[in-house]
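Inside the fold
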Amino acid sequence: MALGDSVGLALLTVLDSLRPDERLAFVLHDVFAVPFAEIGTILGKSADATKMLASRGRRRIQVAQQPASAGRPQREVVQAFLAAARDGQFEQLLQVLHPEVKFTVHTPNGTFVTLGATEVATRARVAGGAARGHAVTVNGRPGVISWSEDGTSLSLLAFTVTDGHITEITAVVDPAKLALMDLPDPV
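Cut-offs applied
- Residues numbered from 1 in each chain as written.
- Predicted model: local features only at pLDDT ≥ 70, side-chain atom pairs only at ≥ 80, totals over all residues.
- Heavy atoms only, no water.
- Helix = DSSP H or I, 4+ residues; strand = E, 2+ residues; numbered from the N terminus.
- Buried < 20%, exposed > 50% of the residue type's maximum accessible area, 1.4 Å probe, protein only.
- Contact = heavy atoms within 4.5 Å.
- Phe/Tyr/Trp six-rings, centres within 6.5 Å; stacked < 30°, edge-to-face > 60°.
- Salt bridge = Lys/Arg side-chain N within 4 Å of Asp/Glu carboxyl O.
- Pairing = 2+ DSSP bridges.
- Axes fitted to C-alpha atoms, helices over the stretch in contact; angles between N-to-C directions.
- Expected span 1.5 Å × (residues − 1).

On to unusual backbone geometry, then. Most peptide bonds take the trans configuration, and most residues that are not glycine carry a negative phi. For A33, which is not glycine, the phi torsion reads 55° and is therefore positive. Mapped onto the elements of the fold, A33 is located in the loop between α2 (20–31) and α3 (36–43). Since its relative accessible area comes to 61%, A33 is described here as exposed. The residue D163 is not glycine, and still its phi comes out positive at about 50°. The topology assignment puts D163 in the loop between β5 (153–162) and β6 (165–172).

Right, let's talk about the environment of H98 for a bit. Along the polypeptide, H98 turns up in strand β1 (residues 97–107). Linking H98 and A117, residues 19 residues apart in sequence, is a C-alpha distance of 6.2 Å. Sequence-distant contacts of H98, defined by excluding residues within four places in its chain, comprise A117, H165, I166 and T167.

Across all of its chains, the model carries one aromatic pair by this definition. Summarising the aromatic geometry, the rings of F81 and F159 are spaced 5.6 Å apart at their centres and angled 65° between planes, so their arrangement reads as edge-to-face. Here the residue F81 occupies a position in helix α5 (residues 74–87), and F159 occupies one in strand β5, the gap between them amounting to 78 residues. Residues F81 and F159 agree in their burial class; the two are buried.

Turning our attention to the pattern of salt bridges. In this structure the tally under the stated criterion is three salt bridges. Salt-bridge contacts for R19 lead to E22; the nearest nitrogen and oxygen are separated by 3.9 Å. A relative accessible area of 2% means that E22 is categorised as buried. A salt bridge links R56 to E22; its shortest N-O distance comes to 3.8 Å. On the criterion of sequence distance, the pair formed by R56 in helix α4 (residues 47–65) and E22 in helix α2 is long-range, its members being 34 residues apart. One salt-bridge network, held together by shared partners, links R19, D21, E22 and R56.

Next up on the list: the sheet that holds β6. Read across the sheet, six strands follow the order β2-β1-β6-β5-β4-β3 without closing on themselves; strand pairing throughout is mixed. This sheet does not close on itself; its edge strands, each paired only once, are β2 (110–115) and β3 (134–138). Strand-to-strand twist of the sheet, defined as the mean angle between neighbouring strand axes without regard to direction, takes the value 20°. Note that β1 and β2 share six bridges and pair antiparallel.

Turning our attention to α2. For α2, spanning 12 residues, the distance from its first C-alpha to its last is 16 Å, which sits close to the expected 16 Å at 1.5 Å a residue. Among the residues making up α2, those that are buried are D21, E22, A25, F26, V27 and L28. A33 sits one or two positions beyond α2 and adopts a positive phi of about 55°.

Shown next as structure tokens:
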């Protein structure tokens, strides 16, 4: 699946989860090999503080890229989430969501983020009808795609599951972004 210039949705999701200073330090150093002293000047921090920011960013990316450990398989956790959202079962939603889950939605009007299991469960329960779709794999992660009756992609959801709980959900409902992606045909 491609997004824009072949930047994966998973990478964007993980980078989006970093604090701005961590993201800047990580990308400038690890991707563009900018020395920590120069990055520190940009951020108004010491080279050591900048090195720590990049290190924290790197660790968070590594954790996000690890597959789910023992316990329920990732797809099973996502299916439980979708069923609970469809049925409006708040308690079941809370059982599969990590307490600090992050829900990022890319819309035509911008990107919106919801944090915390209670807030995400509330939104998921209200939008339960949108939980219908076809299971797909998004950059190695479980996902769901839905189409309109005319075959136009309506939404793409990608889930990060760690230790049997959903830690991150990314939703793309922006038609322009969906058009840039290599998505399967309607089922």
